[in-house]
Amino acid sequence: MGGSQDKPQLIIDGKRTDGRAPGELRPIKIEAGVVKNAKGSAYLEWGNNKVLAAVYGPKEAQPKHIADPNKAIIKCRYQMAPFSSLEEHNRSGPNRRAIEISKVTKEVFENVILLDDFPGCEIDVFVEVLQSDGGTRAAGITAAAVAVASSGIPMRDIPYAVSAGKAGDSILLDLNKLEDNYSDADMPVAIAPREGEILLLQMDGNLTKEQTIQALDMIKKAGETIVKIQRDALEAKYR
Ligand code: CDP
C-alpha cells in the first residue's frame with residue numbers, strides 16, 4: 001500500500017493492469033521434492049513470484065534450552081534473495097519485515113503440524129524468495145505447506161494462503177506489487193481448507209465489514225484452485 005500522489009489507475013474497463021478480472025488469481029505452478037537434501041521441499045511460481053521452500057527435521061532442538069519437553073518447536077526463516085527485487089535485501093541479516101513474515105509463517109505451521117508427536121525436537125521451515133512481485137508471504141506459506149506435506153511430517157491439514165484487497169470500490173484477489181503499492185487495503189489470509197479455518201489474517205489499510213466478507217469469500221473460492229494445485233504437485237511427486 002502506498003499513498004503516492006501519482007496513483008495509477010488499477011482498474012480500467014473492469015480489468016486490472018495485468019488483464020485479470022477482480023476475482024482472478026495469477027497463474028500458479030508448484031513442484032514438490034526439488035531440494036535433494038531436505039526432508040521436504042517445493043518450488044512455486046505464482047505470477048512473477050518465485051519461491052523455494054525447504055523443511056528439515058524433526059531433529060533434537062538446538063540449543064537445548066529452547067527445547068520443549070512436551071512438543072516440537074518450529075523455526076521459520078523467510079528471506080528475500082538479494083536479487084529478488086529492485087530493493088536491497090539480505091546485506092545485513094533479516095530486516096523487520098522478514099522477521100515479521102517469518103513469525104506469522106511459523107504461527108501458521110504451529111497450528112497444523114502435530115507438534116505433540118515430536119517432544120524435544122525442532123522442525124525447520126525455510127522460505128527463500130527468489131523473485132518477488134507482491135504476495136510473497138502468501139506464496140511462501142503455500143509453498144511451505146507443500147514442502148511440509150512432502151516431508152511426511154504429520155499435519156492435520158495442508159494450509160494455503162492468498163491475499164485480497166481493495167482499489168477504489170473494487171475488491172481484488174491476489175494483489176501484485178503494483179496493486180499492493182497503490183491499493184487502499186491488502187489482507188493476506190492463510191486457511192486450513194478442510195474446515196475453512198483462518199490461520200492468519202493481516203490487514204494493511206481498511207475494509208468495511210461487507211468488504212471483508214466479500215474478500216474472504218473470494219479467498220475461499222480461490223482456495224479451491226490453490227488446494228488442487230498443491231495436491232497435484234504432491235501426487236505428481238509421489239504417485
Ligand atoms: O510480499 P508481500 O505482499 O507478502 O509483502 P509486502 O511487504 O506487502 O510487499 C509487497 C511486495 O513489495 C513484495 O512482494 C516485494 O515485491 C516488494 N518488496 C520488496 O521488494 N522489498 C521490501 N523490503 C518490501 C517489499
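In this text, all values refer to a predicted model and were calculated from it rather than measured experimentally.

A.B. asks: So what's going on with a nonpolar patch on the surface? Which residues, and what values?
C.D. replies: On the surface, I198, L201 and M203 cluster together into a nonpolar patch covering about 230 Å² of accessible area. Residue I198 is classed as partly exposed on the basis of its relative accessible area, which comes to 38%.

A.B. asks: Can you explain the packing of helix 1 (residues 96–110) against helix 2 (residues 136–151)? Please cite residues and give values.
C.D. replies: Geometrically, a packed helix pair is captured by the angle between its two axes and the distance between the axes. Two numbers describe how helix 1 lies on helix 2: the axes approach to 11 Å, and their chain directions differ by 40°. Between helix 1 and helix 2, the interaxial angle falls into the category oblique. In the packing of helix 1 onto helix 2, the handedness of the crossing is right-handed. When helix 1 is examined against helix 2, the residues R97, E100, I101, T105, V108 and F109 are found in contact with a partner set consisting of T136, R137, I141, A144, A145 and V148.

A.B. asks: Please give an account of the site of the ligand that cites residues and values.
C.D. replies: Residues in contact with the ligand amount to 13 residues; listed here are only the nearest, S85, R97, G134, G135 and T136. Between an oxygen atom of the ligand and a side-chain N or O atom of S132, the distance comes to 2.9 Å. When isolated, the ligand has an accessible area of 500 Å², and the protein chains bury 85% of it. A class-by-class count of the residues in the shell around the ligand yields one nonpolar, six polar and six charged.

A.B. asks: Lay out the packing of aromatic side chains in plain terms, naming residues and giving numbers.
C.D. replies: Taken as a whole and judged by the stated rule, the model has one aromatic pair. Judged by centre distance (6.0 Å) and plane angle (80°), the rings of Y56 and F126 are edge-to-face. On the criterion of sequence distance, the pair formed by Y56 in strand 5 (residues 49–60) and F126 in strand 7 (residues 121–131) is long-range, its members being 70 residues apart. Look at F126 and you get partly exposed, because its relative accessible area is 28%.

A.B. asks: Give me the lowdown on the packing of helix 2 against helix 4 (residues 209–238), citing residues and values where you can.
C.D. replies: At a closest axis distance of 10 Å, the pairing of helix 2 and helix 4 adopts a crossing angle of 35°. The chirality of how helix 2 crosses helix 4 is right-handed. Within the contact between the two elements, helix 2 uses T142, A145, V146, A149 and S150 and helix 4 uses I226, Q230, L234 and Y238. Counted by class, the contact of helix 2 with helix 4 contains six nonpolar, three polar and no charged residues.

Scoring rules and cut-offs
- Per chain, residues are indexed from 1 in the order of the written sequence.
- Totals for whole chains, interfaces and linings use every residue, but because this is a predicted model, local features are given only for residues with pLDDT of at least 70 and side-chain atom pairs only at 80 or more, for both listing and counting.
- Just so you know, side-chain values use all the structure's heavy atoms and leave hydrogens and water out.
- Excluding any residue in a salt bridge, patches collect residues exceeding 30% relative accessible area, merging like charges within 9 Å and nonpolar Val, Leu, Ile, Met, Phe, Trp and Tyr side chains within 5 Å.
- To be clear on the numbers: accessible area is Shrake-Rupley with a 1.4 Å probe, and residue cover counts the displayed protein chains and nothing else.
- By definition, a salt bridge exists where a carboxyl oxygen of Asp or Glu is found within 4 Å of a side-chain nitrogen of Lys or Arg.
- Working definition: with a 1.4 Å probe on protein chains only, accessible area under 20% of the residue-type maximum means buried, over 50% means exposed, and in between means partly exposed.
- Axis definition: a line fit to C-alpha positions, over the contact stretch in the case of helices; interaxial angles, taken between N-to-C directions, run 0 to 180 degrees.
- Helix and strand labels come from DSSP, where a helix needs a run of H or I of at least four residues and a strand needs a run of E of at least two; each type is numbered from the N terminus.
- Angular relationships are summarised with four words: roughly parallel below 35 degrees, roughly antiparallel beyond 145, roughly perpendicular across 65 to 115, and oblique for the angles in between.
- In a left-handed crossing the near helix is turned counterclockwise from the far helix by less than a right angle, and in a right-handed crossing that turn is clockwise.
- Contact criterion: two residues are considered in contact whenever any of their non-hydrogen atoms come within 4.5 Å of each other.
- Distances are taken per atom, and a residue is near a molecule or strand as soon as one of its heavy atoms is within 4 Å of it.
- For the purposes of these results, a polar contact is taken to be a pair of N or O atoms within 3.5 Å, where, inside protein, one atom must be able to donate a hydrogen and its partner to accept one; residues adjacent in sequence count only when each atom of the pair is a side-chain atom.
- Residues are grouped as follows: nonpolar covers Ala, Val, Leu, Ile, Met, Phe, Trp, Tyr, Cys and Pro; charged covers Asp, Glu, Lys and Arg; every other residue, Gly included, is treated as polar.
- Centres within 6.5 Å are what make two rings of Phe, Tyr or Trp a pair, Trp counting through its six-membered ring; a difference in plane orientation under 30 degrees is then read as stacked, over 60 as edge-to-face, and the rest as tilted.

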